[in-house]
Amino acid sequence: KLSQRLQYIMEQIPAGSRLADIGSDHGLLPVAAVRSGRVPQAVAGEVNDGPLRAAQKQVAEAGLADRIMVRKGDGLAVIKAHEVDVITIAGMGGALIASILDQGKDKLASVKQLVLQPNVGEDILRRWLIEHQWVLTGEHIMEEDGKIYEILTAIPASESPFKQDELYRPWELPGSSLVLTRDWLMQLGPLLVKKPNKVFFRKWKLEIRKLQDVMAQVSRSEQESAQHKQEQLRKQIEQLEEVL
Ligand code: SAM
């Protein structure tokens, strides 16, 4: 059975899409997507031999070798231009996901949707998206087995009814004097922050605690910047919780 995380990612794929899942590991996502009839075919990309073999095995055992192409290669190198409509990249750091997209830019022309699940460094990914004319259409935060995950979906700016910049316009919290700057929106997530759930608050309270730990460990000058950041974060989260 698919984890809730992978299930949610799968549900963001528009029915009938041609899918590439990059860094597929066991190939669980493409197998579930094809088996359920959501997508007719898929590419599973893997750069490492162990996961590649695991994906091949999974696909063979599911009897889907004619519809899921397991390919070895770095990032988007495994797909041809115009071969897929949707790309999923999950379970890696945001910086790695951004670099995979950046190095594969020539493959993105036909892609209508990205579904991305960075484990960390979500702000780096949001920055890459806005700088490369991708508009966030969805942000979801969820917890499973004690881990917190963010799932971002994006479409090309040319297909979007609104401009990405609107999402990151500094946002004055209703009923408060606090203004969330563009930088903070990049960190917190412009869509998440406007509709925060319990998991969102749990994540950022944990982050505040981590910053407190950092302060306990680092030198005095570093401490000042960590303290400043923690103070800002605490204010924002407290006020968010109060007014929303
Ligand atoms: N996507 C699956 C998921 O979310 O459950 C697997 C996540 S697993 C933690 C990350 C996978 O990405 C590993 O199997 C790793 O080999 C693969 N990977 C890392 N860098 C990659 C790259 N540049 N291109 C393709 N795959 C990569």
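The shown structure was predicted, so the numbers you read here are calculated from the model rather than taken from an experiment.

1. Considering the site of the ligand
Argument step 1. Not every one of the 16 residues close to the ligand is listed here, only the nearest: Gly23, Asp25, Pro51, Ala90 and Gly91.
Argument step 2. Among the elements that take part in the shell around the ligand, strand S4 (residues 86-92) stands out by supplying three residues, more than any other.

2. Considering the sheet that holds strand S1 (residues 18-22)
Argument step 1. Taking strand neighbours across the sheet as the criterion, the seven strands line up as S3-S2-S1-S4-S5-S7-S6 in an open arrangement whose pairing is mixed. Of all the strands in the sheet, just strand S3 (68-72) and strand S6 (134-144) have a single pairing partner and so form its edges. Strand-to-strand, the axes of this sheet are offset by a mean angle of 15°, without reference to chain direction.
Argument step 2. Along the sheet face, helix H4 (residues 94-103) touches S1, S4 and strand S5 (113-118) and points at about 150° away from the line of S4.

3. Points about the packing of H4 against helix H5 (residues 122-131)
Argument step 1. In the contact formed by H4 and H5, the axes pass within 7 Å of each other and the chain directions differ by 25°. It follows from the interaxial angle that H4 and H5 lie roughly parallel. Residues Gly94, Ala95, Ile97, Ala98, Leu101 and Asp102 of H4 pack against Glu122, Ile124, Leu125 and Trp128 of H5.
Argument step 2. Among the residues making up the contact of H4 with H5, the classes are represented as seven nonpolar, one polar and two charged.

4. So, unusual backbone geometry
Argument step 1. Residues other than glycine seldom take positive phi values, yet Asp25 does so here, at roughly 55°.
Argument step 2. Topologically, Asp25 is positioned in the loop between S1 and helix H2 (28-35).
Argument step 3. Accessibility expressed as a C-beta count within 10 Å gives 18 for Asp25, which makes it partly exposed.
Argument step 4. The phi dihedral of Gln133 is positive, around 60°, even though this residue is not glycine.

5. Quick look at the domain arrangement of the protein chain
Argument step 1. According to the domain assignment, the protein chain consists of domain 1 (4-159) and domain 2 (171-243).
Argument step 2. Using only C-alpha atoms to locate each centre, domain 1 and domain 2 end up separated by 29 Å.
Argument step 3. Taken residue by residue, the interface counts twelve residues in domain 1 and eleven residues in domain 2.
Argument step 4. Those elements that place two or more of their residues in the side of domain 1 that touches domain 2 are H5, S6 and strand S7 (147-156).
Argument step 5. Here the element with the most residues in the side of domain 1 that touches domain 2 is S6; it accounts for six residues.
Argument step 6. The class makeup of the residues in the side of domain 1 that touches domain 2 is four nonpolar, one polar and seven charged.

What counts and what doesn't
Residues numbered from 1 in each chain as written. Predicted model: local features only at pLDDT ≥ 70, side-chain atom pairs only at ≥ 80, totals over all residues. Near = placed C-beta within 6 Å. Helix = DSSP H or I, 4+ residues; strand = E, 2+ residues; numbered from the N terminus. Pairing = 2+ DSSP bridges. Axes fitted to C-alpha atoms, helices over the stretch in contact; angles between N-to-C directions. Contact = placed C-beta atoms within 7 Å. Parallel < 35°, antiparallel > 145°, perpendicular 65-115°, else oblique. Nonpolar A, V, L, I, M, F, W, Y, C, P; charged D, E, K, R; others polar. Buried ≥ 20, exposed ≤ 12 C-beta atoms within 10 Å, placed from the backbone. Domains from an automatic or database assignment.

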